[in-house]
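# Descriptive structure summary
Here are the chains, one letter per residue:
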Amino acid sequence: MSTPADFPVPRTCPFTPPDSYDAMRAAGPLTRVTIPSGKRAWLLTRHTDVRAALADPAASSDARNPDFPALGHGEQQVAAELRPFIRMDPPDHTLVRRMLVGEFTLKRTRALGPVIEQTCHEQLARMLSLTPPVDLVTEYANRVSTTVICHLLGVPTEDLEFFRSITTVTGARSSTAEQVGAALNDLFALINRLVDDKTANPCDDLISRLALGPLERGEITRSSLLSQIGITLNAGHETSRNMIPLAAVALLRHPDQLAKLRDDPGRWPAAVDELLRYLSVADTITLRVATADIELEGATIPAGDAFIPLLGAANHDPAAFADPHVFDIDRPERHHVAFGYGVHQCIGQNLGRLELEIALRVLTDGAPALALTEPFEELPLKDTSAIFGLEQVRVSW
Ligand code: HEM
């Protein structure tokens with residue numbers, strides 16, 4: 001008989017990581033668990049260890065390794081076939097990352113500010129034209145995040161709804177391998193067509209620049225290019241889509257903090273970082289295999305073993321953050337790992353931060369009486385996907 005999976009652990013509070021993380025951290029640096037595939041993996045819960053392990057050159061993200069600790073059905077098969085750079089190791093990873101990094105500089109991201117601002121105002125106006133209660137996830141967050149990432153990449157407006165339907169399937173850990181496979185086929189057909197269109201008629205967007213640059217120069221194959229565009233679309237959309245409603249609820253539940261932001265909008269950047277730390281929606285996405293022994297403080301991850309540095313556990317480690325379960329926008333510590341650490345640290349973090357700041361500011365300023373219409377305790381948690389979030393957040397204003 002197979003051992004039942006004891007990881008991932010569901011959250012009980014939408015804001016903070018599972019309570020058991022605190023107990024694991026107190027018990028020792030490494031916790032052995034069984035994951036849904038039946039394989040074993042080590043969990044890391046201490047901030048110093050999580051950073052050290054993620055920065056270690058022996059921490060492999062290569063999903064082709066049979067020991068890779070994928071948590072979702074079909075996740076490993078898809079990643080091994082498509083080889084998105086988030087699941088590659090250097091030097092292959094380095095080559096792709098170099099092609100993309102210029103698209104995510106602070107300067108280029110800031111230039112997107114007016115588009116994000118306009119998108120948020122338009123989507124809020126649309127939402128406010130509906131009769132409450134409405135779902136903040138579908139009527140605001142999802143629409144903002146897809147519009148912004150599609151604008152950056154150059155996905156035309158008429159393809160937005162199609163893109164949204166694909167990401168609903170790819171973002172759910174409960175989707176079967178067949179469902180994810182079919183959705184990805186649709187996504188790749190869309191990106192493939194866009195690469196052709198933009199090669200013929202280039203625009204000022206990421207897909208055009210990659211099609212005319214690295215692809216034409218033969219520095220990347222077409223199939224790899226499609227995978228890299230696909231992961232950027234998905235990662236950029238899925239994270240913001242989950243963060244915006246969850247962060248909005250966190251602010252509604254902490255009216256004192258929201259009042260500070262209303263008094264002094266200059267505090268928004270710090271508030272966004274605190275929301276990223278506090279909510280840690282990408283808690284379990286850093287999946288790794290040790291290709292050599294990895295030394296931690298007082299423990300070793302043996303070569304060949306799978307491990308998962310838990311970002312939420314690190315971000316709630318009392319050794320790194322005073323009163324870690326308290327949401328405090330004036331918190332002095334800024335060394336959270338919500339965007340990961342090491343060579344895979346989130347390439348889109350400038351965009352993620354800016355999008356969150358604008359989406360939350362426009363929402364809380366434009367709907368000052370925004371309120372949940374159902375008890376907070378009954379919010380449906382979205383615990384089955386790679387990125388944590390809320391299934392639905394019904395609001396009035
Ligand atoms: C706003 C919230 C976001 C969070 C919490 C987040 C979190 C993360 C984390 C933890 C990683 C590291 C994964 C690993 O080490 O295995 C990562 C990587 C990545 N993120 Fe984000 N992300 C966010 C927004 C974005 C946005 C807006 C984009 C795109 C436009 C994006 C694109 C990516 C990509 C492409 C990678 C892979 C980078 C690499 O492997 O070198 N993310 N993200």
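Further up the page is the structure itself.
Below is a summary of the structure that appears in this document. (Residues numbered from 1 in each chain as written. Predicted model: local features only at pLDDT ≥ 70, side-chain atom pairs only at ≥ 80, totals over all residues. Heavy atoms only, no water.)

### A short note on the coordination of the iron atom of the ligand
- Donor atoms from the protein around the iron atom of the ligand number only one, C346 (SG), found at 2.3 Å.
- Note on placement: C346 falls in the loop between α14 (311-315) and α15 (349-366). (Donors = N, O, S within 2.8 Å, 3.2 Å for Na, K, Ca; no water. Helix = DSSP H or I, 4+ residues; strand = E, 2+ residues; numbered from the N terminus.)

### Some thoughts on the side chain of Q123
- With respect to the helices and strands, the residue Q123 is situated in helix α6 (residues 113-128).
- Q123 sits in the buried class, given a relative accessible area of 10%.
- Setting aside anything within four residues of it in sequence, one finds Q123 in contact with E139, Y140, R143, V144 and T147. (Buried < 20%, exposed > 50% of the residue type's maximum accessible area, 1.4 Å probe, protein only. Contact = heavy atoms within 4.5 Å.)

### Regarding the side chain of T146
- Counting through the fold element by element, T146 comes out in helix α7 (residues 136-153).
- With relative accessibility at 0%, the residue T146 sits in the buried group.
- There is a polar contact of 3.2 Å between the side chain of T146 and the backbone oxygen of R143.
- Beyond its immediate stretch of four places on either side in the chain, T146 contacts L160, F163, R164 and H237. (Polar contact = N/O pair within 3.5 Å; in protein donor to acceptor, adjacent residues only side chain to side chain.)

### Notes on the site of the ligand
- If you check the shell around the ligand, you find 24 residues, and the closest are H93, R97, R288, H344 and C346.
- Between an oxygen atom of the ligand and a side-chain N or O atom of H93, the distance comes to 2.6 Å.
- Within the side chain of R288, a nitrogen or oxygen atom sits 2.7 Å from an oxygen atom of the ligand.
- Elements with a minimum of two residues in the shell around the ligand: α4 (92-101), α11 (222-253) and α15.
- For the shell around the ligand, the element with the highest residue contribution is α11, accounting for three residues.
- Partitioned by chemical class, the residues of the shell around the ligand number 13 nonpolar, eight polar and three charged. (Near = heavy atom within 4 Å. Nonpolar A, V, L, I, M, F, W, Y, C, P; charged D, E, K, R; others polar.)

### Re the sheet that holds strand β8 (residues 306-309)
- The five strands lie next to each other as β1-β2-β8-β5-β3, forming an open sheet whose pairing is mixed. Looking along the sheet, the strands with just one partner apiece sit at the ends: β1 (30-34) and β3 (59-60).
- Here two bridges tie strand β5 (residues 288-290) to β8, and the two strands are oriented antiparallel to one another. Residue pairing for β8: R288 is matched across the bridge by F307. (Pairing = 2+ DSSP bridges.)

### Quick notes on the packing of helix α9 (residues 177-200) against α11
- Following both chains from N to C, one finds α9 and α11 inclined at 115 degrees, their axes separated by 10 Å at the closest point. On the basis of their axis angle, the class for α9 and α11 is roughly perpendicular. Here the hand of the crossing between α9 and α11 comes out right-handed. Side by side, α9 and α11 meet where L187, F188, I191, N192, V195 and D196 of the first sit next to R222, L225, L226, S227, I229, G230 and L233 of the second. (Axes fitted to C-alpha atoms, helices over the stretch in contact; angles between N-to-C directions. Parallel < 35°, antiparallel > 145°, perpendicular 65-115°, else oblique. Left-handed = near helix turned anticlockwise from the far one by under 90°.)

### Considering the packing of aromatic side chains
- All told, the structure shown has three aromatic pairs when counted by the stated rule.
- Each ring, one from F15 and one from F376, has its centre 5.3 Å from the other, and the planes form 40 degrees; the classification is tilted. A residue pair is termed long-range when its members are at least 10 positions apart, and F15 in the segment before α1 (20-27) and F376 in the loop between β9 (371-372) and β10 (381-382) qualify at 361 residues.
- Relative accessible area serves as the criterion here: at 4%, F15 is assigned to the buried category.
- The ring centre of F388 lies 4.1 Å from the NZ or CZ of R11, which sits over that ring.
- Positioned above the aromatic ring of F376 is the side chain of R253, whose terminal nitrogen or guanidinium carbon lies 3.8 Å from the ring centre. (Phe/Tyr/Trp six-rings, centres within 6.5 Å; stacked < 30°, edge-to-face > 60°. Lys NZ or Arg CZ within 6 Å of the ring centre and 35° of its normal.)

### A few points about the pattern of salt bridges
- Under the definition given, this model contains 24 salt bridges.
- Residues E103 and R209 are paired through a salt bridge, measuring 2.7 Å at the closest nitrogen-oxygen approach. With E103 in the loop between α4 and α5 (106-111) and R209 in helix α10 (residues 206-215), this pair connects stretches of sequence that are 106 residues apart.
- Taking the shortest distance from any N to any O, the salt bridge between R164 and E161 comes out at 2.7 Å. Here the residue R164 and the residue E161 both occupy positions in helix α8 (residues 160-170), the gap between them amounting to three residues, near one helical turn.
- Taken together, the shared-partner salt bridges in this structure form one network comprising E274, R277, R331 and E333. (Salt bridge = Lys/Arg side-chain N within 4 Å of Asp/Glu carboxyl O.)

### As for the environment of N185
- Within the secondary structure, N185 sits in helix α9.
- Separated by 210 residues in the primary sequence, N185 and V395 have C-alpha atoms spaced 35 Å apart.

### A look at the packing of α8 against α9
- Orientation of α8 relative to α9, taken along the N-to-C sense of each, is 150 degrees, at an axis distance of 9 Å. Taken together, α8 and α9 sit at an angle that is classed as roughly antiparallel. In this structure, α8 crosses over α9, and the sense of that crossing is left-handed. Here F162, F163, I166, V169 and T170 of α8 lie close against α9, whose contacting residues are Q179, V180, A183, L184, D186, L187 and L190.
- When the residues that make up the contact of α8 with α9 are grouped by side-chain class, the tally is nine nonpolar, two polar and one charged.

### A closer look at the state of the cysteines
- Summed over the entire model, instances satisfying the criterion amount to zero disulfides.
- Here C203 is not disulfide-linked; the sulfur of C150 is the nearest cysteine sulfur, at 14 Å.
- In this structure C203 comes out as partly exposed when scored by relative accessible area, which is 43%. (Disulfide = S-S within 2.5 Å.)

### Let's talk about the sheet that holds β9
- The strand order β4-β12-β9 describes an open sheet built from three strands, whose pairing is antiparallel. Each edge of the open sheet carries a strand with a single partner, namely β4 (134-135) and β9.
- Relative to strand β12 (residues 394-396), β4 runs antiparallel, the two sharing two bridges. From the neighbouring strand, D135 faces β12, where its bridge partner is R394.

These figures come from the coordinates and say nothing about function on their own.
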